[in-house]
Protein chains: 2
Amino acid sequence: MPYFDSASAAPLHPVARQALQAALDEGWADPARPYREGRRARLLLDAAREAAAEAVGCRPDELVFTPSGTRAVHAGIAGALAGRRRAGRHLVVSAVEHSSVLQSAAAHEADGGTVTEVPVDGGGRVTPDAYAAALRDGTALACLQSANHEVGTEQPVVEVTEACREAGVPLLVDAAQSLAWGPVEGDWSLLTASAHKWGGPAGVGLLVVRKGVRFAPQGPADERESGRSAGFENIPGIVAAAASLRAVRAEAVPEAARLRELVARIRTRVPELVPDVEVVGDPVRRLPHLVTFSCLYVDGEALLYELDRAGFSVSSGSSCTSSTLTPSHVLRAMGVLSEGNVRVSLPFGTEEADVERFLEVLPGVVAGIRERFGAPVSGPVTGGGESLVVDALGRRCPIPVIELAKVFGEVPVGGTVTVLSDDEAARLDIPAWCAMRGQEYVGERPAEHGTAYAVRRLS
Amino acid sequence: MPYFDSASAAPLHPVARQALQAALDEGWADPARPYREGRRARLLLDAAREAAAEAVGCRPDELVFTPSGTRAVHAGIAGALAGRRRAGRHLVVSAVEHSSVLQSAAAHEADGGTVTEVPVDGGGRVTPDAYAAALRDGTALACLQSANHEVGTEQPVVEVTEACREAGVPLLVDAAQSLAWGPVEGDWSLLTASAHKWGGPAGVGLLVVRKGVRFAPQGPADERESGRSAGFENIPGIVAAAASLRAVRAEAVPEAARLRELVARIRTRVPELVPDVEVVGDPVRRLPHLVTFSCLYVDGEALLYELDRAGFSVSSGSSCTSSTLTPSHVLRAMGVLSEGNVRVSLPFGTEEADVERFLEVLPGVVAGIRERFGAPVSGPVTGGGESLVVDALGRRCPIPVIELAKVFGEVPVGGTVTVLSDDEAARLDIPAWCAMRGQEYVGERPAEHGTAYAVRRLS
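Residues numbered from 1 in each chain as written. Chains lettered and ligands numbered in written order. Predicted model: local features only at pLDDT ≥ 70, side-chain atom pairs only at ≥ 80, totals over all residues. Heavy atoms only, no water.

Per an unreviewed UniProt entry, the recorded name for chain A is Cysteine desulfurase/sulfurtransferase TusA family protein, and the organism is Streptomyces gobitricini. Checking UniProt for chain A, the heading Catalytic activity (unreviewed entry) contains the comment "(sulfur carrier)-H + L-cysteine = (sulfur carrier)-SH + L-alanine". For chain A, the Sequence similarities (unreviewed entry) comment in UniProt is given as "Belongs to the class-V pyridoxal-phosphate-dependent aminotransferase family. NifS/IscS subfamily." (UniProt positions renumbered as here; feature names shortened; annotations may be inferred.)

See below:
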């Protein structure tokens, strides 16, 4: 049963399991105690720190273990902001950071700080110039992911570190998605990561703070982990995390090449096999194992359900698969189609046959859902009046776009269709439909109920 | 090799190991995902929550898993204080709480809140009346451990919950040391615990917030664990924690009786076998598995080292075994002897023969250290002037008390000896020596260097 969601959590690496076993016997005691069980635990913890530091490319005393990547981000941002409080209270983040970064930014704003979100291009990438322009007097910290978790786009970290250095601003790099593949290049100041993304166990994150970076840990004082991560160390988990990071790194180069080829196959063939698909994310500067596409006229939740029934575990940024009923903030920031969104992230060792089978299964699954939703099967036909209004109020993605497509042929070239919708996804998906179809998106305005989205027929 | 420090961390329970194994296979995926691996993880998480809630005596939706007991305490105190901000900013704690509670209190004070520390008696116990008297208008939260981690004394939690209920103040109970033995009685509002204290793995704590208790989680928002504990759930650890809690509870009654007998043996026989020992902690209302005593004229670090060499792993609250060179705050709050302090906490399944061997080994170990430090072997002899000054500046525990004892016989009955010392332990240990020897502790005053402690000879 192929599992294609390693960007959420990778299955435990065999080396992690082995290391965990051994460390359960040797590493359960308190490493702060001087007796033999404590000394053994301390030795394991020190060795794991050295191994992790070597993989990151930092000094062991710059690296602490946290209970998760999220906690590493929370602690890293809070500590760096507090340490630079005198410099100012301005924080710069990209618009496509992980929620742990954006929620840290929201907390900082709620506490009286200011935040600039640097926008991304349609591929999900910040431009170094735009990022540099956001840095100013009073900027205490800047954050940039090494690569995006939803669409796989690599960020220009090296260029941004240079801009930050010139501006005298420390840069925190969230390397959660990329650390398995290699160290983060450039002269960054802080780095965070999460072990269960590389095949380590849940319960372990990394926070690296370079020597010389001002850092003031927040929250109640605690002696563990240099005062930067409170609570009794989860040494078996830490040992397994470090061992598996070393193991995946040893395989990273050939495995990246192999998965990159499989991902390229998905990127090329899905649009050939399935009509009306938008493959999203930067086509070149991207993670080797992750690919994302959106299918017009398809309900993301139904798609996930049907793929799961067919044996494939994937993720989605569609609005109907989230508790908030809004499309993922990443897709919104990119301004791309969000309906029928699928993220495929291949774990280490994914077999070619499984990818092939996915490509076999997908077209039928998508066609079945489209049929169920009554999606138009061909392009619009001609006929009808100058302008039409489609009332899709109360109806969820992908219905508003389906209704638009159904009537679109009824207005003449030059005529307009206005869709009334109260579904958040429509804001993203109607313009995306226009771009895919070569029609003109006129704009949106508030209606008595919901929002009116106007589209002009060009062809 | 007997390990007698389960109050720091208990060895992994066989059931925890078994459950962890199984959950590594079934519980590594993201429980928020709808595909099969996610659903399996969610089922395990839900089942673990139900098992833990049953052991605690709460509803499953009142309990969240945290990355450690310390993090549970930090989150619980911060959330309850913020939730009750309108009621006031006064926090009540006992003087002998775990450092995670006292550091939370310190952080609250640094943030402009006020804190009252309720003192304890010589046995380490708060009196319900003293605790009730600390509650007042504006008290947002009260904290009390179920039992003390260093001396084993049980606190009057039921009486204090009643006082808190009358005052309309929520009570947070830190149950880290007692949860293995049974649920916390009384109508408490919040409860915290730590899995590695009961034989679960490191990396798992519990935070329970009763329905109806005002609670506002602090830190950046996160959807996991009802918004009360950020970051990807460590499900294998959580499953192992819940399974082992259930397992230790099944054995708790007979095992408590068995260990209580072994502890009673240590409490009775150590003072018979080793001269000048003070057994500390409430003699009756105590945890079944933990006993603490202090040995006059003995360096705690040397004692731990020699016991480790003899094969026994124990803990100590002596100043010389801590990074701060001050005796444990618990011993200080109790006002008992801190030098040569030993905490013995017996894990589940401790064998009687190991306790017997400890009782055989201890007298020789203590005698050897005393000899090395030149401690007086008998009571003081008569002779000498009216008053004497002993300069012990720059010398660490146990030397100041040894020097006092050596010259004490040289002053006549009614005469005084003044000890000059800059060692923090002297403040505790010189009065304790007086109490043990039936001599009068006159008091302390600042000296040109360090502090002058005066003792009057009564016999």
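Here the narrative resumes.
Novice: Describe the relation of the copies chain A and chain B, naming the residues involved and giving the relevant values.
Specialist: Mapping chain A onto chain B leaves a residual RMSD of 0.1 Å; the transformation is a rotation of 180° accompanied by 0.0 Å of translation along its axis. Expressed as an axis order, the relation between the two copies is that of a two-fold axis. Nearest to the rotation axis, the C-alpha of P67 of chain A is located 3.0 Å from it, this being the minimum over chain A. Interface overlap between copies: 100% of the residues of chain A at the interface are likewise at the interface in chain B, consistent with a symmetric, same-surface contact. (Least-squares fit on C-alpha atoms with pLDDT ≥ 70 in both. Contact = heavy atoms within 4.5 Å.)

Novice: Could you give an account of the interface of chain A and chain B, with specific residues and numbers?
Specialist: With 54 residues of chain A in contact, the opposing surface of chain B contributes 54 residues. Approximately 4300 Å² of surface area, both sides summed, lies buried where chain A meets chain B, with 54% of it carried by carbon and sulfur atoms. Across the contact surface, chain A and chain B share eight salt bridges. In this structure, the salt-bridge partner of D308 of chain A is R39 of chain B, at a minimum N-O distance of 2.6 Å. Run the count over chain A and chain B and you get 29 residue pairs in polar contact (both at pLDDT 80 or more). At the level of elements, α1 (14-26), α2 (36-56), α3 (69-83), α4 (99-110) and α8 (300-309) of chain A are the ones that each hand at least two residues to the side of chain A that touches chain B. Residue composition of the side of chain A that touches chain B, grouped by class: 23 nonpolar, 17 polar and 14 charged. (Buried area = accessible area lost by both parts, 1.4 Å probe. Salt bridge = Lys/Arg side-chain N within 4 Å of Asp/Glu carboxyl O. Polar contact = N/O pair within 3.5 Å; in protein donor to acceptor, adjacent residues only side chain to side chain. Helix = DSSP H or I, 4+ residues; strand = E, 2+ residues; numbered from the N terminus. Nonpolar A, V, L, I, M, F, W, Y, C, P; charged D, E, K, R; others polar.)

Novice: Report on the packing of aromatic side chains, specifying residues and quantitative values.
Specialist: Counted according to the given criterion, the structure contains 14 aromatic pairs over all chains. When the ring of F4 of chain A is compared with that of F358 of chain A, the centres are 5.8 Å apart and the planes differ by 75°; the resulting orientation is edge-to-face. Of this pair, F4 of chain A sits in the segment before α1 while F358 of chain A sits in helix α10 (residues 352-373), placing them 354 residues apart in sequence. Given a relative accessible area of 1%, F4 of chain A falls into the buried group. When the ring of W28 of chain A is compared with that of Y3 of chain B, the centres are 4.6 Å apart and the planes differ by 85°; the resulting orientation is edge-to-face. Of the two residues, W28 of chain A sits in the loop between α1 and α2 while Y3 of chain B sits in the segment before α1 (14-26), which places them in two different chains. Of the two residues, W28 of chain A and Y3 of chain B, neither departs from the other in class, the shared state being buried. Ring-pair connections join several aromatic residues into one group, and the members of that group are Y3 of chain A together with W28 and Y35 of chain B. In this structure, R210 of chain A is placed above the aromatic ring of W188 of chain A, and the distance from its NZ or CZ to the ring centre is 4.0 Å. (Phe/Tyr/Trp six-rings, centres within 6.5 Å; stacked < 30°, edge-to-face > 60°. Buried < 20%, exposed > 50% of the residue type's maximum accessible area, 1.4 Å probe, protein only. Lys NZ or Arg CZ within 6 Å of the ring centre and 35° of its normal.)

Novice: Give a detailed account of the UniProt feature "domain: UPF0033" (unreviewed entry) in chain A, specifying residues and quantitative values.
Specialist: Taking the UniProt record as the reference, the feature "domain: UPF0033" (unreviewed entry) is found at residues 390-414 of chain A. Secondary structure within residues 390-414 of chain A divides into 40% helix and 8% strand; the distance between the first and last C-alpha atoms comes to 17 Å.

Novice: Describe the environment of A392 of chain B, and please don't skip the residues or the numbers.
Specialist: All names here are of chain B. Tracing the backbone through its elements, the reader meets A392 in the loop between β11 (387-391) and α11 (399-408). Once the C-alpha coordinates of A392 and T324 are considered, the two residues, 68 residues apart in sequence, prove to be 19 Å apart. Those residues within four positions of A392 in sequence are excluded, and the remaining contacts are P400, V419, L420, S421 and D422.

Novice: Got a sec to walk through the packing of helix α2 (residues 36-56) of chain B against helix α7 (residues 235-273) of chain B? Specific residues and values, please.
Specialist: Residues and elements named next belong to chain B. Running from amino to carboxyl end, α2 crosses α7 at an angle of 30°, the nearest separation of the two axes being 9 Å. As α2 packs across α7, the resulting crossing turns out to be left-handed. Contact residues: A41, L44, L45, A48, A51, A52 and A55 in α2; I235, I238, V239, A242, L245, R246 and R249 in α7. Residue classes in the contact of α2 with α7 are distributed as 12 nonpolar, no polar and two charged. (Axes fitted to C-alpha atoms, helices over the stretch in contact; angles between N-to-C directions. Left-handed = near helix turned anticlockwise from the far one by under 90°.)

Novice: If you had to explain the side chain of S229 of chain A to someone new, which residues and values would you point to?
Specialist: Note that S229 of chain A resides in the loop between β7 (205-209) and α7 (235-273). Residue classification places S229 of chain A among the buried residues on the basis of a relative accessible area of 3%. A polar atom in the side chain of S229 of chain A sits 3.1 Å from the backbone oxygen of F65 of chain A. Side chain to side chain, S229 of chain A and R71 of chain B meet in a polar contact 2.9 Å long. Residues within four places of S229 of chain A in sequence aside, it is in contact with F65, T66, P67, D222 and R224 of chain A together with R71 of chain B.

Novice: Got a sec to walk through unusual backbone geometry? Specific residues and values, please.
Specialist: For the bond from C397 of chain A to P398 of chain A, the omega torsion is 10°, close enough to zero to count as cis. Secondary-structure assignment places P398 of chain A in the loop between β11 (387-391) and α11 (399-408). Not every positive phi belongs to a glycine, and D276 of chain B is a case in point at roughly 55°. Note that D276 of chain B resides in the loop between α7 and β8 (277-280). Judged by its relative accessible area of 22%, D276 of chain B falls in the partly exposed class. If you check the backbone angles, Y297 of chain B has positive phi at about 65° while not being a glycine. Topologically, Y297 of chain B is positioned in the loop between β9 (290-295) and α8 (300-309).

Novice: An account of the domain arrangement of chain A is requested, with residue identities and associated values reported.
Specialist: Residue and element names in this part refer to chain A. Domain annotation for chain A reports domain 1 (14-248), domain 2 (252-373) and domain 3 (387-456). Computed from C-alpha atoms alone, the centre-to-centre distance between domain 2 and domain 3 is 24 Å. Each side of the interface is counted separately: domain 2 has 19 residues, and domain 3 has 16 residues. Between domain 2 and domain 3, a total of about 1500 Å² is buried, with carbon and sulfur atoms accounting for 67% of that surface. If you sort the residues of domain 2 by the area they bury against domain 3, Y297, E339 and F373 come out on top, with a joint share of 36%. Our count for the contact surface shared by domain 2 and domain 3 stands at one salt bridge. Of the charged contacts, one joins D276 and R437 as a salt bridge, the two residues approaching to 2.7 Å between their closest N and O atoms. Applying the counting rule to domain 2 against domain 3 returns four residue pairs in polar contact (both at pLDDT 80 or more). (Domains from an automatic or database assignment.)

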